[in-house]
Amino acid sequence: MADPDETTTAAPNAPATEAAGPTTAPTDPAPPTAPLPAPTVVADRVHIAYTVPDGLGGNRRVHAVKGVCFVARRGEAIGLIGSNGSGKSTLLKAIAGLQPVESGTIHTQGRPALLGVDAALMGDLSGERNVILGGLAMGMTWSEITARYDDIVAFSGLEEGLDEDLDDHPAAGPATPPADPAARRRGGLSPHPSAAPGSPLSRPLRTYSSGMSARLRFAISATARSHDVLLIDEALATGDARFRRRSRRRIDELRAAAGTVFLVAHAHAAIRETCDRALWLEAGTLRMDGPADEVVAAYEEFTRTGATPPSR
Ligand SMILES: Nc1ncnc2c1ncn2[C@@H]1O[C@H](COP(=O)(O)OP(=O)(O)OP(=O)(O)O)[C@@H](O)[C@H]1O
C-alpha cells in the first residue's frame, strides 16, 4: 500500500509553477500491481488414495491426499512439510505425473521432473553407474549424461572427500585419491564407466552414508538439466551446512531461470533457507499455505503443543 507521507514529501521538490496548482505526480505513486508470474502447477481439489491389502484377503483404501488446492508460479521455491505419512511424497509424485489422482486435477506447465532417482538408484551399483542410471531416470539422453557427468560429480563433492564440502575450505587432502577425469573418459561412460579405484564413485551405493547418497541424488537432479518444475524429496535433509549452501545456490539458479522448485524436507532449516513459501500437509489435508517462515513456525508450534493455525 502506498505510504501517504512518502507521497507528500515528493511535492516540495516540484517546480513552483506546478506546486501552485493541483499537482500531477510524474509517476503514479501507487503503480498497478505487477502481473503475477505464470502458474506452473495448479492443484484443484486433489484426492489420492492407495489400495492396500487388509491382511484378511480384501483391500483397504488409504486416503493419502485429501482435497488439496494450490497454485504454484514461476520463480517460486515451495517447501512441503508435515508429519510422517501426511502425504508429501504422494503429492510430489502426483505433480510429477507418476501417481494417478483419484479425483480433482493437477495441471502442470512444462515438464516436471521428480528427483525420482530414489526408486531408480541401485545399491549394488557403483556411484558412477548410478549417476548414469539416475540421469536416464530423469529423462536425460545418453549424450546429455556424458556431457554433464563431470558437473554432476563435481556438484556432489564425492570426489573431493567424503564429508567435506570444499567450496570454502579445501581440506588438506581427500580421503581417497580423486578419480582422474581423463582416465575416466578413456574408460568411457559407455558401455562401462570406470571411476578411479578407491574413488567413492567406484564403490557400491549401499556403502555410502545417507549424507553421501543424498548428495549424489541431489547432484543428479539439480545438475541434470534445467527444469520447468523440479521436485526434490528430502534431498537436502542430510547435507552439511556447506553442501546445503551449494544446493541453495543451485535452487536459486533454477528459480532465476524461471522454474518452480518443490522441496520435501524434514529439516526445517533447509526449508527456511531455500524456500520462500511452504505448504503444510497433515493427514493428507493442506493445513497452511504461506511464507515459509510462518508455515514452519506454525508447524513447529503444532508439533510442540498440538496447536493448529486457524483454518483457512
Ligand atoms: N505405495 C503405497 N501404497 C500404499 N500406501 C502408501 C504408499 N505410499 C504411501 N502410502 C501411504 O500414504 C500415506 C502418505 O504417505 P507419504 O509417503 O506420501 O507421506 P509423507 O508425508 O511423504 O511421509 P514421510 O514424511 O514419512 O516420508 C501414508 O499413510 C502411507 O502409508
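Residues numbered from 1 in each chain as written. Predicted model: local features only at pLDDT ≥ 70, side-chain atom pairs only at ≥ 80, totals over all residues.

### Some thoughts on the sheet that holds strand S4 (residues 103–108)
By definition, the strands of a sheet pair up through backbone hydrogen bonds, in either a parallel or an antiparallel sense. For clarity, the threshold we go by: Strands are treated as partners if at least two bridges between them are detected by DSSP. Segments assigned H or I by DSSP are reported as helices when at least four residues long, segments assigned E as strands when at least two residues long, and all are numbered from the N terminus. In this analysis, axes come from line fits to C-alpha atoms, helices being fitted only over the stretch in contact, and the angle between any two N-to-C directions falls in the range 0 to 180 degrees.
What the 3 strands build is an open sheet, ordered S2-S1-S4; its pairing is antiparallel. With partners counted over all chains shown, the strands left at the sheet margins are strand S2 (59–73) and S4, one partner each. This sheet shows a mean twist of 25° between the axes of neighbouring strands, independent of strand direction. With 5 bridges connecting them, strand S1 (residues 39–53) and S4 associate as antiparallel partners. Note on S4: the bridge partner recorded for alanine 43 is isoleucine 106.

### A closer look at the site of the ligand
Going by this rule: Each residue gets a C-beta atom placed from its backbone. If that atom is within 6 Å of a molecule or strand, the residue is near it. Lys, Arg, Asp and Glu make up the charged group, whereas Ala, Val, Leu, Ile, Met, Phe, Trp, Tyr, Cys and Pro make up the nonpolar group; the residues left over, Gly among them, are polar.
Tyr50, Val52, Val62, Ala64, Gly82, Asn84, Gly85, Ser86, Gly87, Lys88, Ser89 and Thr90 make up every residue found near the ligand. At the level of secondary structure, the elements contributing two or more residues to the shell around the ligand comprise S1, S2 and helix H3 (88–95). Residue contributions to the shell around the ligand peak at 3 residues, all from H3. A breakdown of the residues in the shell around the ligand according to their chemical character gives 4 nonpolar, 7 polar and 1 charged.

### Digging into the nonpolar core
Heads up, the rule is: Nonpolar cores are built from buried Ala, Val, Leu, Ile, Met, Phe, Trp, Tyr and Cys residues. These are joined into a set through C-beta atoms within 7 Å. Burial in this document is a count-based property: other C-beta atoms within 10 Å of a residue's C-beta are tallied, and the residue is buried at 20 or more, exposed at 12 or fewer, or partly exposed in between, with C-beta positions derived from the backbone. A domain assignment, automatic or from a database, supplies the domain bounds used here.
By size, the foremost hydrophobic cluster in this structure holds 63 residues, and its most contacted members are Ile95, Leu263 and Ala278. Take this core: its biggest share by element is 7 residues, from helix H8 (residues 210–224). Taken together, domain 1 (37–111 + 227–312) and domain 2 (125–207) each give at least three residues to this core, which thus spans both.

### Description of H3
Among the 8 residues in H3, 6 count as buried, and that is most of the element. Within H3, burial applies to Lys88, Thr90, Leu91, Leu92, Ala94 and Ile95. Residue glycine 97 follows H3 closely and has a positive phi angle near 85°.

### Considering unusual backbone geometry
The phi angle at arginine 45 is positive, at roughly 45°, despite the residue not being glycine. Mapped onto the fold, arginine 45 is located in strand S1. What makes arginine 45 exposed here is the crowd of 12 C-beta atoms within 10 Å. The backbone of alanine 283 sits at a positive phi, close to 50°, despite the residue not being glycine. Accessibility expressed as a C-beta count within 10 Å gives 14 for alanine 283, which makes it partly exposed.

### Topic: the pairing of strand S6 (residues 229–233)
Successive residues of a regular strand alternate their side chains across the two faces of the sheet. Of all 5 residues making up S6, 5 are buried, and the element is well covered by its neighbours. Alternating positions in S6 separate into two faces, Val229, Leu231 and Asp233 on one and Leu230 and Ile232 on the other, with burial throughout. Here S6 pairs with strand S7 (residues 260–264) via 5 bridges, running parallel. Considered in S7, the bridge of aspartate 233 is made with valine 264.

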